[in-house]
Amino acid sequence: MLIWLTGLSGSGKSTLARQVFETLAAAGCRVELLDADEVRAQLSSGLGFSKSDREENVRRLGYVGGLLRAHGVIVLVAAMSPYRAGRDEIRKTAPSAFVEVFVDAPLAICEERDPIGLYRRFRAGEVHNLSGLDAPYEPPLNPEVHCHTAQQTIEESVADILKTVRPFLA
């Protein structure tokens, strides 16, 4: 299965993905976490934040995730993936084994959290094409899971994800 966590930078995607990863691994599942920030540094370091570069990064994440999934690995992808069309293309590769998780937090909260300094760098004029500010973020229309990380605890959001994922594991 492919569990795709999408949302603005700072919404909590990586935090939730790590917790779900740890829970599934502790239960004996074969699981891998592809965090977009880490993958970008290793496989996509030449890509910037233009629309085409973002689409290519999502395509690469989907490809690697698909390879792992084909070998029986549960794959968690934590990626902003701002364009609905890109996420929908990934879904087509595994329609019955794709779980889209919308990690939803207001922009003000995301900017306050700013885990990798993107919003600070944007405000300083160092970064452009930041989804939610000067570039679009297209939220999922019908995600399998919708986590409201400004209102829910990490544990509540993880529980929501696991509740949806468990039937796939049987």
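Residues numbered from 1 in each chain as written. Predicted model: local features only at pLDDT ≥ 70, side-chain atom pairs only at ≥ 80, totals over all residues. Heavy atoms only, no water.

## Points about the layout of surface pockets
Then, in step 1: If you add up the space inside the largest pocket, you get close to 630 Å³.
Then, in step 2: Lining the largest pocket are 32 residues, and of these Ser9, Gly10, Lys13, Ser14 and Asp37 lie nearest its centre.
Then, in step 3: Every element with two or more residues in the lining of the largest pocket is listed here: α1 (13-26), α2 (36-43), α3 (51-70) and α6 (118-123).
Then, in step 4: Ranked by residue count, the leading element in the lining of the largest pocket is α1, at 5 residues.
Then, in step 5: Partitioned by chemical class, the residues of the lining of the largest pocket number 12 nonpolar, 11 polar and 9 charged. (1 Å grid on protein atoms, 1.4 Å probe; cavity = no way out; pocket = protein on both sides within 12 Å on 5 of 7 lines; lining within 4 Å. Points joined across faces, edges and corners; volume = space filled by probe spheres on them. Helix = DSSP H or I, 4+ residues; strand = E, 2+ residues; numbered from the N terminus. Nonpolar A, V, L, I, M, F, W, Y, C, P; charged D, E, K, R; others polar.)

## Side note on the nonpolar core
Then, in step 1: Of all hydrophobic cores here, the largest spans 23 residues; its most connected members are Ile3, Leu5, Val101 and Ile161.
Then, in step 2: Non-local contacts of Val101, meaning those with residues more than four positions away in its chain, are made with Ile3, Trp4, Leu5, Thr6, Val145, Cys147 and Ile161.
Then, in step 3: Residues Trp4, Ala36, Val73 and Ala79 belong to the second largest nonpolar core, which totals 13 residues. (Core = buried A, V, L, I, M, F, W, Y, C linked by side-chain atoms within 4.5 Å. Buried < 20%, exposed > 50% of the residue type's maximum accessible area, 1.4 Å probe, protein only. Contact = heavy atoms within 4.5 Å.)

## A closer look at the UniProt feature "active site" (unreviewed entry) in the protein
Then, in step 1: What UniProt calls "active site" (unreviewed entry) maps, in this numbering, to Ser81.
Then, in step 2: Tracing the backbone shows Ser81 in the loop between β3 (74-78) and α4 (84-93).
Then, in step 3: Of the polar contacts made by the side chain of Ser81, one reaches the side chain of Trp4; its length is 2.9 Å. (UniProt positions renumbered as here; feature names shortened; annotations may be inferred. Polar contact = N/O pair within 3.5 Å; in protein donor to acceptor, adjacent residues only side chain to side chain.)

## Concerning the state of the cysteines
Then, in step 1: All told, the structure shown has 0 disulfides when counted by the stated rule.
Then, in step 2: Cys147 provides the cysteine sulfur closest to Cys110, a residue in no disulfide bond, and the two sulfurs are 13 Å apart.
Then, in step 3: Residue Cys110 is classed as buried on the basis of its relative accessible area, which comes to 0%. (Disulfide = S-S within 2.5 Å.)

## Focus: the pattern of salt bridges
Then, in step 1: According to the stated counting rule, one finds 9 salt bridges in the structure shown.
Then, in step 2: Taking the shortest distance from any N to any O, the salt bridge between Lys92 and Glu89 comes out at 3.0 Å. Taken together, the residues Lys92 and Glu89, both in helix α4 and 3 residues apart, mark about one turn of the helix.
Then, in step 3: The class of Lys92 is exposed, set by a relative accessible area of 57%.
Then, in step 4: Here Glu89 falls in the partly exposed class, since its relative accessible area comes to 45%.
Then, in step 5: The residue Glu100 makes a salt bridge to Arg91 at a minimum N-O spacing of 3.3 Å. The pair formed by Glu100 and Arg91 is uniform in burial state, with each residue classed as buried.
Then, in step 6: A single network of salt bridges, built from pairs that share partners, joins Arg87, Arg91, Glu100 and Glu144. (Salt bridge = Lys/Arg side-chain N within 4 Å of Asp/Glu carboxyl O.)

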